[in-house]
Amino acid sequence: MTWQRFLTRSTGRRGAKMVVDSRLAVLVAVLGDDIVGVITLDANGVFPTDAPHETRVRLVGIFVEPGRWSSGVGSALMGRFVSIARQADAVGEVDVWERNSRAIRFYERHGWTRDRTSLPGPTGVDYVGFVHLP
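Note that this is a predicted model, so its numbers are computed, not measured. (Residues numbered from 1 in each chain as written. Predicted model: local features only at pLDDT ≥ 70, side-chain atom pairs only at ≥ 80, totals over all residues. Heavy atoms only, no water.)

**Some thoughts on unusual backbone geometry**
Part 1 of the argument: A positive phi angle, near 65°, is found at S70, a position not held by glycine.
Part 2 of the argument: By secondary structure assignment, the location of S70 is in the loop between β5 (55–64) and α1 (73–87).
Part 3 of the argument: Phi is positive for D89, close to 50°, though the residue is something other than glycine.
Part 4 of the argument: Assignment of secondary structure puts D89 in the loop between α1 and β6 (91–97).
Part 5 of the argument: Accessibility expressed as a relative area gives 57% for D89, which makes it exposed. (Helix = DSSP H or I, 4+ residues; strand = E, 2+ residues; numbered from the N terminus. Buried < 20%, exposed > 50% of the residue type's maximum accessible area, 1.4 Å probe, protein only.)

**A look at the side chain of T40**
Part 1 of the argument: Counting through the fold element by element, T40 comes out in strand β3 (residues 34–42).
Part 2 of the argument: For T40, a relative accessible area of 15% corresponds to the buried category.
Part 3 of the argument: Ignoring sequence-local partners within four residues, the contact set of T40 consists of L24, A25, V26, R58, L59, V60 and G61. (Contact = heavy atoms within 4.5 Å.)

**So, the confidence of the model for the protein chain**
Part 1 of the argument: Residue-level pLDDT values for the protein chain average 79, and 75% of them are 70 or greater.
Part 2 of the argument: The weakest mean pLDDT in the protein chain belongs to strand β1 (residues 2–7) at 44; the strongest belongs to helix α2 (residues 101–109) at 96.
Part 3 of the argument: In this model residues 1–18 is a low-confidence stretch, pLDDT under 50, and it forms 39 contacts with partners more than four residues away in sequence or in other chains. (pLDDT = per-residue confidence, 0-100.)

**Here we look at the nonpolar core**
General note: in soluble globular proteins, nonpolar side chains tend to be found buried as a group.
Part 1 of the argument: Ranked by internal contacts, the top residues of the largest apolar core, which has 24 residues, are L59, Y107, W112 and F130.
Part 2 of the argument: For this core, the secondary-structure elements that each account for two or more residues are β2 (24–31), β3, β5, α1, β6, α2 and β8 (127–132).
Part 3 of the argument: Among the elements that make up this core, the one with the highest residue count is α1 (six residues).
Part 4 of the argument: Excluding residues that lie within four positions of it along the chain, Y107 makes contacts with L59, I62, M78, V94, V96, W112 and F130. (Core = buried A, V, L, I, M, F, W, Y, C linked by side-chain atoms within 4.5 Å.)

**What about the environment of V125?**
Part 1 of the argument: When you line up the elements, V125 lands in the loop between β7 (113–119) and β8.
Part 2 of the argument: On the basis of relative accessibility, which here comes to 9%, the residue V125 falls in the buried class.
Part 3 of the argument: With 28 residues separating them along the chain, V125 and W97 place their C-alpha atoms 7.4 Å apart.
Part 4 of the argument: Among residues more than four places away in sequence, those in contact with V125 are W97, E98, R99 and P120.

**Let's talk about the side chain of E93**
Part 1 of the argument: Along the chain, the position of E93 falls in strand β6.
Part 2 of the argument: By relative accessible area, E93 is classed as buried at 11%.
Part 3 of the argument: One polar contact links E93 to R58, side chain to side chain, over a distance of 3.3 Å. (Polar contact = N/O pair within 3.5 Å; in protein donor to acceptor, adjacent residues only side chain to side chain.)

**Structural notes on the environment of E98**
Part 1 of the argument: Checked against the element boundaries, E98 lands in the loop between β6 and α2.
Part 2 of the argument: Taking relative accessible area as the criterion, E98 reaches 40% and is therefore assigned partly exposed.
Part 3 of the argument: Sequence-wise, E98 and Y127 are 29 residues apart; in three dimensions their C-alpha atoms are separated by 5.3 Å.
Part 4 of the argument: Excluding its chain neighbours within four sequence positions, the residues that come into contact with E98 are I104, V125, D126, Y127 and V128.

The following block contains the structure:
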């Protein structure tokens, strides 16, 4: 698997528009000629928190082609994110839809723990906060 980094920007061409958000960075997992997974994180990298001596990096999203589930692609993407957070000596953070039990099990298997935070989600079901310590 190889990694490609795409910075978000608009191409200016019709039908080829990408998300325009300078705060995001996207890493793409490629097998052969196929994009098999994507991970999005805060492009500004690490940001300070109110806790003394603590910084955090936010995992905005992770996606694996459904045909590649349980093949190690998600674990490779997660490993890449954890490596980025560790290099910065930062706590990783992510919000997960409470009804997505598959995603919750995935994060827990990879060392993430709930941090007792939640945000309102669709149809009255919350997002729950998870952290990954460096």
